[in-house]
There are 2 protein chains.
Amino acid sequence: MKFSPLSVVSLGFVTVSVGAFVPKSQNVVDTKLYSGVERNENFAKLSGGYLFPEIGRRRNAYLEDNPEMADKIISLGIGDTTKPIPEHILSGLVEGAKKLGTTEGYSGYGAEQGQALLREKIAKVLYNDLIDPSEVFVSDGAKCDIMRVQQVFGSKVTSAVQDPSYPVYVDTSVMMGQTGSQDESTMQYDNIVYMPCTPENGFFPDYASLPRADVVYLCSPNNPTGAAATKEQLTEIVNICKERGSILVFDAAYAPFIRSEGVPKSIFEIEGAKDVAMEVNSFSKYAGFTGVRLGWTVVPSNLKFKDGSLVRDDFNRVMTTAFNGASNIVQSGGLACLDPEGQKEISNLIDYYLENAKILRETMEGLGFTVHGGTDAPYVFVELSESMGGSWDAFSMILEKCQVVTIPGAGFGPGGEGFLRLSAFAPRDSVIEACKRLSEELK
Amino acid sequence: MKFSPLSVVSLGFVTVSVGAFVPKSQNVVDTKLYSGVERNENFAKLSGGYLFPEIGRRRNAYLEDNPEMADKIISLGIGDTTKPIPEHILSGLVEGAKKLGTTEGYSGYGAEQGQALLREKIAKVLYNDLIDPSEVFVSDGAKCDIMRVQQVFGSKVTSAVQDPSYPVYVDTSVMMGQTGSQDESTMQYDNIVYMPCTPENGFFPDYASLPRADVVYLCSPNNPTGAAATKEQLTEIVNICKERGSILVFDAAYAPFIRSEGVPKSIFEIEGAKDVAMEVNSFSKYAGFTGVRLGWTVVPSNLKFKDGSLVRDDFNRVMTTAFNGASNIVQSGGLACLDPEGQKEISNLIDYYLENAKILRETMEGLGFTVHGGTDAPYVFVELSESMGGSWDAFSMILEKCQVVTIPGAGFGPGGEGFLRLSAFAPRDSVIEACKRLSEELK
């Protein structure tokens, strides 16, 4: 099955080629070695790498300089689940794999929109049939779906984002060509509406007072601030979007962490939302599926472009043309998540991470910091004191002094400066140890 | 874990809303019910749906009219694997799932580029280390990767495609905004270079005689024609691409079906290819992973844009920002594929489908048709006689008379008119039965 026996491969070619391609050190650029294809200008606008790999890079650089600290590192950085997958859900995954070994259980290409039964169960169990299964598109995750949403909207729309926010909204807008360049002083991209979310406005954007955008990205419970929007807040933004003809893209990936009474877990709990909103969601934080990869997006059949055509039809075109369905094995796991036993297991997982969040929150409060989030969300958003410098400085200091990886607020946009995000996705003993070190260093 | 108890959900709202949204029958369009967001004009350019769902739609429409035929339908249409996953590879998938239930075996987010070990094994086992693991990006499949490749190139490049070809190249070019509208008489999109592939040129494009394009898509063994390009042909196109400064996107998803001596299984067997080509590939047809979802793309570090920047860096930005890695369970299956036992199992699977192809090929030849492909490829491409009408007519006739689903050549672009694609991905007894019916009807 090898692509080429070694005798066919001209190793000489490889050596020559590699040798020929180190022009930089010689300061000679042989343009014949470059293609004639212009680089997509939108990629040149993106400053630096995507946030989370950059965090990993800085951690690794620290460990290269301090290899003896490797065992001490605790990550409260990227929101990555750490608890094993519980029994019933796991059995869904294992059985989903096993049956592919039998003639009757084998399946190939499935519907690109997801298995019919999974779409039905999502609509029923998670939305009480408030939405129709035909409005549910199963995918390999919310991050991937945000790019697909951007593909649907294309390069000519304007987007509004919370500031700070999950960096994928802005980065994909830039990649799609919706934006201008990044302003070096404000760190904002031209042609994106940044909606400040601050302690003063309860981290909820005042969209009405800002320029109109075609597409408004809103995440609740919020990453990174941990703020969970109230029914009144969501009703307000749904109404404003309707008035202004904006489409709301609601990111509900952290919905299962909501435990407070009356706080909506879906935008579709809000009257009129089906006319203006789509919802991106994920099993990642819900069931420990960050590595397993399963998500979904709801595009209501009411949601229409200016010409009356359905947004759902164009989203369906992206899903069928540029995606091939979530893994059949993984979808079996998704079905198990939605059984009563799976729901109980998920509830226990969420309890665990919320207890971590409580510990982090109380520790930081005990140290005198003003702390946000961490009750209906797995993220604790800490206001830094001015003496700590910028948020990247605080990140570096805590990494070096405590060997704890966090995320600087500035990584989530200019509005995140002055804050630090702590993730509750970690083993309990790591959270306790991290809190001990933070308490010693920051007291 | 429900998002909202039923008491919170205003069922009255749902009813009212649904009632309010049937303006069409009343011939009244209330624009207040539409958003103010313009539809992405590129989607309006796409005629009809994506090919393969359209085939399914026509089959289902036939079955609605003829429900008694449901048990008789045989699909030689979409190239969907049907053999169960063999034992060793299956154990890779099952163990990949099982270990997520243990603290030490659990994993969350992996590298977006794929697990290091899998990247190494792909480079070693499939490419004899002709490429470096850092040039391999593991994904959820070739179709998805083609869209990511398009995202890297953006809207301002020109693309060239084989005609006929796998429809994803053209459809994603249109979605990205690289093209004009579709000409109603030629069925070609403006600003795409269609490279005719006919029996006369051995289904290999004469790119040198056609206008230059920035990006050239080439698939070998070819879908749909079944032609496997020779070393001389590939050397020629690599050289022309280098001369013209084009980037070659080589789709090698059917490489394991090559059994003829000296036919390259990878573009990187061609001298100089690392300067001009990237390669998209997949485990789908290789190991029966069409529903499991695993693929990869090789972007050589030699491949550069006009400004000298690395294509690999921008591809990496797409992978990290708009993708989150292939499922960890699925990657475990990929590792098992690359073990010696897995390679043997794959060889047996390919034998099985190639024998199907031989049966199809010989049957159609016996009926007097000129037949292409089906030796180093799982597809048999049949030249239709003029008396059969267009290829969509032949598709319908064979569906109605034989209850056999095929794919009309015209579905792969205007150059496919006059041909019919038969897929060898089917159970043996189905292939034999289909051949019996075709022999009776077409004799």
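Worth saying up front: this structure is predicted, and the values here are computed from it rather than measured.

Caption draft 1: Up close: the overall build of chain A. Per the secondary structure count, chain A includes 15 helices and 13 strands. Taking 443 residues into account, the globule formula puts the C-alpha radius of gyration at 22 Å, and chain A, at 23 Å, falls close to it. Classification of the 443 residues of chain A by burial places 63% in the buried group. In the form shown here, chain A has an accessible surface area of approximately 15700 Å², with 50% of it arising from carbon and sulfur atoms. Both charge centroids of chain A, one from 40 positive and one from 56 negative side chains, sit 4 Å from each other.

Caption draft 2: Here's a closer look at the environment of S91 of chain A. All names here are of chain A. Positionally, S91 belongs in helix α5 (residues 87-98). In sequence terms S91 and A336 are 245 residues apart; their C-alpha atoms lie 7.8 Å from each other. For S91, the side chain forms a polar contact with the main-chain oxygen of H88, separated by 2.6 Å.

Caption draft 3: A look at empty space enclosed by the protein. Per the stated rule, a full pass over the model turns up six cavities of 30 Å³ or more. In this model, the largest cavity occupies a volume close to 280 Å³. Lining the largest cavity are 23 residues, and of these Y166, Y254 and K285 of chain A together with Y109 and N324 of chain B lie nearest its centre. Those elements that provide at least two residues to the lining of the largest cavity are α7 (142-153) and α10 (284-287) of chain A. Grouping the amino acids of the lining of the largest cavity by side-chain chemistry returns 11 nonpolar, six polar and six charged.

Caption draft 4: Just the nonpolar core, in detail. Counting 134 residues, the largest nonpolar core has I122, I267 and F289 of chain A together with I122, I267 and F289 of chain B as the members making the most contacts within it. Setting aside its immediate chain neighbours within four residues, I267 of chain B contacts L234, V238, L248, F250, A273, A277 and E279 of chain B. Within the second largest apolar cluster, 104 residues are counted, among which are A142 and F395 of chain A together with F137 and V168 of chain B.

Caption draft 5: Spatial organisation of the sheet that holds strand β13 (residues 419-423) of chain B. Residue and element names in this part refer to chain B. The strand order β9-β10-β13-β12 describes an open sheet built from four strands, whose pairing is antiparallel. Edge positions in the sheet fall to β9 (371-373) and β12 (407-408), since each of these pairs with one other strand and no more. Of the pairings in the sheet, the one linking β12 to β13 comprises two bridges and is antiparallel in character. By the bridge assignment, P408 is partnered in β13 with L420. Here helix α14 (residues 391-402) sits on the sheet in contact with β12 and β13, set at roughly 45 degrees to β13.

Caption draft 6: Layout of the packing of aromatic side chains. Throughout the structure, instances matching the rule amount to 38 aromatic pairs over all chains. Measuring from centroid to centroid gives 6.2 Å for F283 of chain A and F289 of chain A, while their planes differ by 35 degrees, and the two rings are tilted. Across the pair, F289 of chain A and F283 of chain A agree in class, each one buried. On the basis of an interplanar angle of 20 degrees and a centroid distance of 5.2 Å, the ring pair of Y169 of chain B and Y217 of chain B is categorised as stacked. Taken together, the residues span a long stretch of sequence, with Y169 of chain B in helix α8 (residues 168-176) and Y217 of chain B in strand β5 (residues 215-219) at a distance of 48 residues. Side by side, Y169 of chain B and Y217 of chain B carry an identical accessibility label, which is buried. Three or more aromatic residues joined by ring pairs make a cluster, and in this case those are Y254, F257, Y352, Y353, Y379 and F425 of chain A. Taking the ring centre of F137 of chain B as reference, the NZ or CZ of R119 of chain B above it sits at 5.6 Å.

Caption draft 7: Broad picture of the relation of the copies chain B and chain A. Mapping chain B onto chain A calls for a screw motion: a turn of 180 degrees about the axis and a shift of 0.0 Å along it, with 0.0 Å RMSD after fitting. On this basis, the relationship between the two copies can be described by a two-fold rotation axis. Considering only C-alpha atoms, the part of chain B nearest the rotation axis is V94 of chain B, at 2.8 Å.

Caption draft 8: Quick look at the side chain of N302 of chain A. Relative to the assigned elements, N302 of chain A resides in the loop between β8 (295-298) and α11 (311-322). Within the structure, N302 of chain A has its side chain in polar contact with the side chain of D275 of chain A (distance 3.1 Å).

Caption draft 9: Spotlight on the interface of chain B and chain A. Each partner contributes to the interface: chain B provides 121 residues, whereas chain A provides 120 residues. Taken over both partners, the interface formed by chain B and chain A buries close to 10300 Å², and the fraction arising from carbon and sulfur atoms is 60%. Put simply, chain B and chain A have 10 salt bridges between them. Taking the shortest distance from any N to any O, the salt bridge between E41 of chain B and K156 of chain A comes out at 2.6 Å. Remark: the boundary between chain B and chain A carries 41 residue pairs in polar contact (both at pLDDT 80 or more). Split into classes, the residues belonging to the side of chain B that touches chain A amount to 55 nonpolar, 38 polar and 28 charged.

Caption draft 10: Molecular detail of the sheet that holds strand β10 (residues 379-383) of chain A. Residue and element names in this part refer to chain A. Strand order across the open sheet formed by four strands is β9-β10-β13-β12, with antiparallel pairing between neighbours. Strands at the two margins of the open sheet, each flanked by one partner only, are β9 (371-373) and β12 (407-408). Pairing of β9 with β10, which is carried by three bridges, proceeds in the antiparallel orientation. Across the sheet, H372 pairs through a bridge with F381, a residue of β10. Sheet strands touched by helix α13 (residues 340-366): β9, β10 and β13 (419-423). Its angle to β9, the strand with the most contacts, is close to 160 degrees.

Caption draft 11: Just the layout of surface pockets, in detail. Volume-wise, the second largest pocket comes out at about 740 Å³. As for the second largest pocket, its lining consists of 25 residues, of which R59, S75, I78 and D80 of chain A together with Y109 of chain B are closest to the centre. No other element matches helix α4 (residues 51-65) of chain A, which puts seven residues into the lining of the second largest pocket. Here the lining of the second largest pocket is built from residues that sort into 13 nonpolar, eight polar and four charged.

Caption draft 12: Molecular detail of the pairing of β13 of chain B. Residue and element names in this part refer to chain B. Extensive coverage of β13 is indicated by the burial of five of its five residues. Both faces of β13 are covered, namely the face carrying F419, R421 and S423 and the face carrying L420 and L422. Inspection of the sheet shows strand β10 (residues 379-383) paired to β13 by five bridges, in the antiparallel sense. Directly across from Y379, in β13, lies its bridge partner S423.

Each value, and the rule that gives it
Residues numbered from 1 in each chain as written. Chains lettered and ligands numbered in written order. Predicted model: local features only at pLDDT ≥ 70, side-chain atom pairs only at ≥ 80, totals over all residues. Heavy atoms only, no water. Helix = DSSP H or I, 4+ residues; strand = E, 2+ residues; numbered from the N terminus. Rg over C-alpha atoms; globule rule 2.2 N^0.38 Å. Buried < 20%, exposed > 50% of the residue type's maximum accessible area, 1.4 Å probe, protein only. Areas by Shrake-Rupley, 256 points an atom, 1.4 Å probe, with all protein chains shown as cover. Lys, Arg positive; Asp, Glu negative; His and termini not counted. Charge placed at Lys NZ, Arg CZ, Asp CG, Glu CD. Polar contact = N/O pair within 3.5 Å; in protein donor to acceptor, adjacent residues only side chain to side chain. 1 Å grid on protein atoms, 1.4 Å probe; cavity = no way out; pocket = protein on both sides within 12 Å on 5 of 7 lines; lining within 4 Å. Points joined across faces, edges and corners; volume = space filled by probe spheres on them. Nonpolar A, V, L, I, M, F, W, Y, C, P; charged D, E, K, R; others polar. Core = buried A, V, L, I, M, F, W, Y, C linked by side-chain atoms within 4.5 Å. Contact = heavy atoms within 4.5 Å. Pairing = 2+ DSSP bridges. Axes fitted to C-alpha atoms, helices over the stretch in contact; angles between N-to-C directions. Phe/Tyr/Trp six-rings, centres within 6.5 Å; stacked < 30°, edge-to-face > 60°. Lys NZ or Arg CZ within 6 Å of the ring centre and 35° of its normal. Least-squares fit on C-alpha atoms with pLDDT ≥ 70 in both. Buried area = accessible area lost by both parts, 1.4 Å probe. Salt bridge = Lys/Arg side-chain N within 4 Å of Asp/Glu carboxyl O.

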